[in-house]
Amino acid sequence: MRDFTSIPESISHKQLNSLLGSAPKKPVTGHSRETLFDQKQEAFETLLSNWTKVSKELIFELNNKNDYVIEGRNPQSLMALGALEAHLNIAIQAKQASDSQS
């Protein structure tokens, strides 16, 4: 096993500066990691916000039951659109619940 030199009881300011000057420089990774995390979190929140906006627009169009939404669709397709509307409403409610939990 390797013998370590004992730790000195005191060190002068000049010696400390000399040691600090010759120490290898390590990049500070903690800050950049936090910044990257914050950026990803912000991007996720923006994505959620955009999704909510588009979902509400879809629900609005489906609620209006305009001819361009209904025309040319068979009954199963219309039922599927109704299910889509219901699921979008539930998903928006779930997002609002998760926002209130934060």
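Residues numbered from 1 in each chain as written. Predicted model: local features only at pLDDT ≥ 70, side-chain atom pairs only at ≥ 80, totals over all residues. Heavy atoms only, no water.

Caption draft 1: How the structure looks around helix α4 (residues 75-101). Helix length check: α4, at 27 residues, gives a terminal C-alpha distance of 39 Å against a target of 39 Å (1.5 Å per residue), a fit within 8%. Within the span of α4, buried status applies to Leu81, Glu85, Leu88, Ile92 and Lys95. Two or three places before glutamine 76, at the start of α4, stands the capping residue asparagine 74, its side-chain oxygen 3.1 Å from that residue's backbone nitrogen. (Helix = DSSP H or I, 4+ residues; strand = E, 2+ residues; numbered from the N terminus. Expected span 1.5 Å × (residues − 1). Buried < 20%, exposed > 50% of the residue type's maximum accessible area, 1.4 Å probe, protein only. Polar contact = N/O pair within 3.5 Å; in protein donor to acceptor, adjacent residues only side chain to side chain.)

Caption draft 2: Region of the structure containing the environment of asparagine 89. Relative to the assigned elements, asparagine 89 resides in helix α4. Measuring from C-alpha to C-alpha, the distance between asparagine 89 and lysine 56 comes to 8.2 Å, with 33 residues separating the pair along the chain.

Caption draft 3: Representation of the pattern of salt bridges in the model. On inspection of all chains with the given rule, the structure shows one salt bridge. In this structure, the salt-bridge partner of aspartate 99 is lysine 95, at a minimum N-O distance of 2.6 Å. Of the two residues, aspartate 99 and lysine 95 both sit in helix α4, four residues apart, roughly one turn of that helix. Given a relative accessible area of 16%, lysine 95 falls into the buried group. (Salt bridge = Lys/Arg side-chain N within 4 Å of Asp/Glu carboxyl O.)

Caption draft 4: Geometry of a nonpolar patch on the surface. Residues Ile11, Leu16, Leu19 and Leu20 make up a contiguous nonpolar surface patch of about 370 Å² in total accessible area. Note that leucine 20 resides in helix α1 (residues 13-22). (Patch = residues over 30% accessible without salt bridge, like charges linked within 9 Å, V, L, I, M, F, W, Y side chains within 5 Å. Areas by Shrake-Rupley, 256 points an atom, 1.4 Å probe, with all protein chains shown as cover.)

Caption draft 5: Unusual backbone geometry, seen in detail. Within the chain, lysine 65 stands out as a residue other than glycine whose phi angle is a positive 50°. As for its position among the elements, lysine 65 is in the loop between α2 (29-64) and α3 (67-70).

Caption draft 6: View of the confidence of the model for the protein. Here the protein averages 86 in pLDDT, while 89% of its residues score no lower than 70. Here α1 is the element of the protein with the lowest mean pLDDT, 84, and α4 is the one with the highest, 93. (pLDDT = per-residue confidence, 0-100.)

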